[in-house]
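Reading the structure
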Amino acid sequence: MTERTIPPQQPATPAVAPAIRAEGLTKRFATPDGRDVTAVDAIGFTVPRGSVTGLLGGNGAGKTTTISMLLGLLLPTAGTVEILGVDMARHRHAVLPRMNFSSPYVELPHRLTVRENLTVYAHLYGLTCVKKRVQELAEHLDLSRFLDRPSGGLSAGQKTRVALAKALLNDPELLLLDEPTASLDPDTADWIRTYLERYRLRTGATILLASHNMLEVERLCDSVLMMRQGRIVDRGAPSALLARYGRQTLEEVFLDIARASDDRILTGETADAAE
Ligand SMILES: Nc1ncnc2c1ncn2[C@@H]1O[C@H](COP(=O)(O)OP(=O)(O)OP(=O)(O)O)[C@@H](O)[C@H]1O
């Protein structure tokens, strides 16, 4: 019998780039009194395609700044961001049509009706069949009753649904959500969460969401990134974090991390090793 030569195994390289890859991502702001604030401090993470990842951390931890850099709204002081395999610094415009975001901090023009606002954005995104798409989203997100009312006169819950409709206009492969259920009543918040779950299942989209609601995170997220003072101090699946901290709820883990002294929390690198 002749001996067959087995070719050496090639190292496994993922066929598809992750939805998000951030390396050494840093943002420093200069304050009016001449100081430097490091809002995001050399963080690195990847978000696999089709996953829902939670970005958690107390007030001022750096979540919104991180999301703004991922979107290309803020220029990083250092580091790189790749979205869907595309380098944001060099080819942002190639990938922007494939992503979108919603944030309670970004209000739609108040005087325009909901329909006008959605139509303007649909044109900005270069959509064809704009009327049909606006109608479709109005039905999906239950906006029909106030489609022709000025956006400024809507309740917080209605505004959130409109903001989500705006974010879904282009059927994004990557959806970045900054506190998607902030200031919503439990019923509306639950409705939004169910909608997001179904959207992910139906489209296979990737979602990164910043949230202060730990029940929401436990329900929606496959994985979380815990931020503190601009750094990622822990990460993993909610169940892995519960086991690591010996806790029953993510709220307790959050409090452990928020209240721990600096030398008692894991750093992002240590947390990686613990995965
Ligand atoms: N334009 C800016 N100029 C100066 N400092 C800023 C600016 N934007 C954010 N910061 C600071 O950067 C840090 C991170 O802010 P960021 O808004 O990213 O936090 P966050 O985690 O989103 O907080 P929250 O949960 O309160 O929304 C804070 O200390 C904040 O004061």
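Refer to the structure printed above.
Described below are features of the structure shown in this document. Source: prediction; values computed, not measured.

Section: the sheet that holds strand β9 (residues 223-228)
Read from one edge of the open sheet, 6 strands run β6-β7-β8-β3-β9-β10, paired in mixed fashion. Each of the sheet's edge strands pairs with one partner strand only, and the pair in question is β6 (99-102) and β10 (231-236). Going across the sheet, the axis of each strand differs from the next one's by a mean of 15°, ignoring polarity. One ladder, built from 4 bridges, connects β6 with strand β7 (residues 174-178); its direction is parallel. From the neighbouring strand, Ser-102 faces β7, where its bridge partner is Leu-177. Each of β6 and β7 is contacted by helix α5 (residues 156-168), which is oriented at about 170° to β6, the strand it contacts most. The strands touched by helix α8 (residues 238-245) within the sheet are β9 and β10, with β10 carrying the most contacts at an inclination of about 100°.

Thoughts on the packing of aromatic side chains
In the structure shown here, the tally under the stated rule is 2 aromatic pairs. Ring centres of Tyr-121 and Tyr-125 lie 6.0 Å apart, and the angle between their planes is 50°; this geometry places the pair in the tilted category. The partly exposed category is assigned to Tyr-125, whose relative accessible area is 28%. Their ring planes at 15° and their centres at 6.0 Å tell us that Trp-191 and Tyr-195 sit as a pair that is stacked. Here Trp-191 pairs with Tyr-195, and both are found in helix α6 (residues 186-203), just 4 residues apart, close to one helical turn. Arg-161 extends its terminal NZ or CZ atom over the ring of Trp-191, reaching a point 5.5 Å from the ring centre. The ring of Tyr-121 carries Lys-166 above its face, with NZ or CZ at 5.5 Å from the centroid.

Structural notes on the environment of Val-52
Mapped onto the secondary structure, Val-52 falls in strand β3 (residues 52-57). Sequence spacing of Val-52 and Asp-222 is 170 residues, and the spatial spacing of their C-alpha atoms is 5.5 Å. What Val-52 contacts, discounting residues up to four positions off in sequence, is Arg-200, Ile-207, Leu-209, Leu-220, Cys-221, Asp-222 and Ser-223.

Quick word on the sheet that holds strand β5 (residues 86-87)
Taken together, 4 strands build an open sheet; the order of strands is β2-β1-β4-β5 and the sheet is antiparallel. Two strands bound the open sheet, and with one partner strand each, they are β2 (36-47) and β5. Relative to β2, strand β1 (residues 20-30) runs antiparallel, the two sharing 8 bridges. Paired with Lys-27 across the strands is Val-40, a residue of β2.

Cut-offs used in this document
- Residues numbered from 1 in each chain as written.
- Predicted model: local features only at pLDDT ≥ 70, side-chain atom pairs only at ≥ 80, totals over all residues.
- Heavy atoms only, no water.
- Pairing = 2+ DSSP bridges.
- Helix = DSSP H or I, 4+ residues; strand = E, 2+ residues; numbered from the N terminus.
- Axes fitted to C-alpha atoms, helices over the stretch in contact; angles between N-to-C directions.
- Contact = heavy atoms within 4.5 Å.
- Phe/Tyr/Trp six-rings, centres within 6.5 Å; stacked < 30°, edge-to-face > 60°.
- Buried < 20%, exposed > 50% of the residue type's maximum accessible area, 1.4 Å probe, protein only.
- Lys NZ or Arg CZ within 6 Å of the ring centre and 35° of its normal.

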